[in-house]
Amino acid sequence: MALAKPGYSRIVDPGPTFSAPTASLRTEPQLIFREVEDPDLIAKARRGDVEAYNLLVSRWEKRVYNYLLRLVSNREDALDVSQDVFLKAYQSLPKLDDPARFSGWLFRIAHNEAFSLLRRKRPETELAGEPRPPELSPRLLPMELSLAVETALNRLNADQREAVLLKVYQGFKFEEMAEILECPVSTVKSRLYTALDLLKTTLAPMQKAALRGES
Amino acid sequence: MSCSSPESKPDWKAYALRELDQDAYRQAEIHLTNCSDCQEELGILRLTLDTLSTLREEEIPRRIAFVSDKVFEPRWWQRVFSPTFAAGALVAVAILIHGAMRPGQAQVDAAVTKAISQVEAQHMREIQAMYEQLDIRDKQVANMYRNAVLSQ
């Protein structure tokens, strides 16, 4: 028998409701594990259950961290901001109207925190100047390709980069992105489309070269 | 790059990003089969998105976790209004009231003695009434017997 993991509730599956073709064949009830949904954890966290909130954090921390890392381009900053995001989210949980829209709400907090940091650090970033494109060999390795993508993303402005991060890496719909960024859908599309036009001029030839190298 | 029918050219970015509704998606598919320019444009776009997907996701250097602290604990009024706390408080108040209003042992003894004496007095009255009834019946029987003897 499988052991219950923390954060999982055990429910009994009563088996199929239709009659079995052979009367002698009985379907034994099966034990299945249903993952505790985010709204359940949010409800518990709202009542002060810190462990439920920690479980919620563990589900989202990697996504939030990577989103912030690409925005602020610094691991230490990304980690600090991630912690701030989850602390603010905990304190603001009572204000969350619809627990089913937790992800968009969480990323809105992350967006606000990241841009607050970027505004504070702007002079330093400007001094650092434009990131230099890496020197790449004609035959690209996956690691080099990943580095090239990172560089290409860093050459976008913060708004364009964020649009790509939310759409391509986090999979939000245009409407959700508009809520996170607090701007019209047309603005979201404009930022994203401009970013894709810029990216395709640098990335598509690289990918072609990588594919040629493989063949 | 020029599309064969630019007036009906689909939004290829929305197409590649799965943001088109079913009808628009179907129309885009039809357009694509007849337009080599759009095939090339979509091909480059897909190549770009494929390249973007090669970006490696990093592990978080330190896990984020919170411990129960004063900052995180609910306010006193949130506790008071929680069902469990309210029920417990109600039981505690009921016990206190009961304790405060409970009579002393002497009062209980006096009340018991009074109740017993009342019951005894009631019993005595009933027995007395019964004896009186029996006396009346005895006298009636004796009178009947005497009358019968005298009539013989």
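The shown structure was predicted, so the numbers you read here are calculated from the model rather than taken from an experiment.

(A) Local environment of the overall build of chain A. For chain A, the count of helices and strands is 9 helices and 2 strands. When the helices and strands of chain A are placed in sequence order, the string is β-β-α-α-α-α-α-α-α-α-α. When the 215 residues of chain A are sorted by exposure, 40% land in the buried category. Residue pairs at least 24 apart in sequence account for 58% of intrachain contacts in chain A once pairs closer than 6 positions are excluded. Counting only carbon and sulfur atoms, one obtains 53% of the accessible surface of chain A, whose full area is about 12,400 Å².

(B) Looking closely at the overall build of chain B. When its secondary structure is counted, chain B shows 6 helices and 0 strands. Ordering the α and β elements of chain B from the N terminus gives α-α-α-α-α-α. For chain B, the proportion of its 152 residues judged to be buried stands at 18%. In chain B, 50% of the contacts between residues at least 6 apart in sequence involve partners at least 24 apart.

(C) Focus on the interface of chain A and chain B. Contact with chain A, which involves 47 residues of that partner, is made by 33 residues of chain B. Between chain A and chain B the total buried area reaches about 3,800 Å² when both faces are included, carbon and sulfur atoms providing 64% of it. Across the contact surface, chain A and chain B share 6 salt bridges. Among the salt bridges present, the one from Asp197(A) reaches Lys13(B), with a minimum N-O distance of 3.0 Å. Across the contact surface, chain A and chain B share 15 residue pairs in polar contact (both at pLDDT 80 or more). Taken together, the elements giving at least two residues each to the side of chain A that touches chain B come down to α2 (50-72), α3 (75-92), α6 (142-154), α7 (158-169) and α9 (185-214) of chain A.

(D) Representation of the nonpolar core within the structure. Ranked by size, the top nonpolar core spans 75 residues in total, and within it Tyr53(A), Leu68(A), Phe86(A), Leu93(A), Phe102(A) and Leu52(B) carry the most contacts. Ranked by the residues each element gives to this core, the list is headed by α2(A), at 13 residues. Excluding anything up to four places from it in sequence, Leu68(A) contacts Ser73(A), Ala78(A), Val81(A), Ser82(A), Val85(A), Ala110(A) and Ala114(A).

(E) Looking closely at the confidence of the model for chain A. Across chain A, pLDDT averages 80, with 71% of residues at or above 70. Confidence drops under pLDDT 50 across residues 1-25 of chain A; counting only partners more than four residues distant or on other chains, this segment forms 29 contacts.

(F) The packing of α3(A) against helix α4 (residues 102-120) of chain A, seen in detail. All names here are of chain A. Contact geometry for α3 and α4: axes closest at 9 Å, N-to-C directions at 130°. In terms of axis orientation, α3 runs oblique to α4. The hand of the α3/α4 crossing is right-handed. Residue-level inspection shows Asp-77, Val-81, Asp-84, Val-85, Phe-86, Lys-88, Ala-89 and Ser-92 of α3 in contact with α4, the latter providing Trp-105, Leu-106, Ile-109, Ala-110, Glu-113, Ala-114 and Leu-117. Looking at the contact of α3 with α4 residue by residue, the classes come out as 10 nonpolar, 1 polar and 4 charged.

(G) Representation of the packing of aromatic side chains. A full pass over the atoms with the stated rule returns 9 aromatic pairs over all chains. Seen from their ring centres, Tyr67(A) and Phe107(A) are 5.0 Å apart, and the 65° between their planes marks the pair as edge-to-face. Of this pair, Tyr67(A) sits in helix α2 while Phe107(A) sits in helix α4, placing them 40 residues apart in sequence. Judged by its relative accessible area of 1%, Tyr67(A) is buried. We classify Phe107(A) as buried; its relative accessible area is 0%. Arranged with centres 4.9 Å apart and planes meeting at 15°, the rings of Tyr15(B) and Tyr25(B) form a pair that is stacked. Residue Tyr15(B) is found in helix α1 (residues 12-16), and its partner Tyr25(B) is found in helix α2 (residues 22-34); the two are separated by 10 residues along the sequence. Among the aromatic residues, ring-to-ring pairing joins Tyr53(A), Tyr90(A) and Phe66(B) into one connected group. Here Lys167(A) stacks its cationic end above the ring of Phe174(A), 5.1 Å away from the centre of that ring.

(H) Focus on helix α8 (residues 174-181) of chain A. Residue and element names in this part refer to chain A. Buried within α8 we find Phe-174, Met-177, Ala-178, Ile-180 and Leu-181. Down the axis of α8, the buried set is contained in an arc of 165°. They therefore lie on one face. Positive backbone phi, approximately 55°, marks Glu-182, located one or two places after α8.

(I) Highlighting unusual backbone geometry. All names here are of chain A. Backbone geometry at Ser-73 places phi at a positive 55°, although glycine is not the residue there. Among the secondary structure elements, Ser-73 is positioned in the loop between α2 and α3. In the Ramachandran plot, Glu-182 falls in the positive-phi region, its phi being about 55° despite a non-glycine side chain.

(J) The arrangement of the state of the cysteines in detail. Residues and elements named next belong to chain B. All told, the structure shown has 0 disulfides over all chains when counted by the stated rule. Cys-35 supplies the cysteine sulfur nearest to Cys-38, a cysteine that is in no disulfide, at a spacing of 3.5 Å. What makes Cys-38 buried here is its relative accessible area of 1%.

(K) Looking closely at the side chain of Ser146(A). Within the secondary structure layout, Ser146(A) lies in helix α6. Look at Ser146(A) and you get buried, because its relative accessible area is 6%.

Conventions adopted
- Residues numbered from 1 in each chain as written.
- Chains lettered and ligands numbered in written order.
- Predicted model: local features only at pLDDT ≥ 70, side-chain atom pairs only at ≥ 80, totals over all residues.
- Heavy atoms only, no water.
- Helix = DSSP H or I, 4+ residues; strand = E, 2+ residues; numbered from the N terminus.
- Buried < 20%, exposed > 50% of the residue type's maximum accessible area, 1.4 Å probe, protein only.
- Contact = heavy atoms within 4.5 Å.
- Areas by Shrake-Rupley, 256 points an atom, 1.4 Å probe, with all protein chains shown as cover.
- Buried area = accessible area lost by both parts, 1.4 Å probe.
- Salt bridge = Lys/Arg side-chain N within 4 Å of Asp/Glu carboxyl O.
- Polar contact = N/O pair within 3.5 Å; in protein donor to acceptor, adjacent residues only side chain to side chain.
- Core = buried A, V, L, I, M, F, W, Y, C linked by side-chain atoms within 4.5 Å.
- pLDDT = per-residue confidence, 0-100.
- Axes fitted to C-alpha atoms, helices over the stretch in contact; angles between N-to-C directions.
- Parallel < 35°, antiparallel > 145°, perpendicular 65-115°, else oblique.
- Left-handed = near helix turned anticlockwise from the far one by under 90°.
- Nonpolar A, V, L, I, M, F, W, Y, C, P; charged D, E, K, R; others polar.
- Phe/Tyr/Trp six-rings, centres within 6.5 Å; stacked < 30°, edge-to-face > 60°.
- Lys NZ or Arg CZ within 6 Å of the ring centre and 35° of its normal.
- Arc of directions from axis to C-beta.
- Disulfide = S-S within 2.5 Å.

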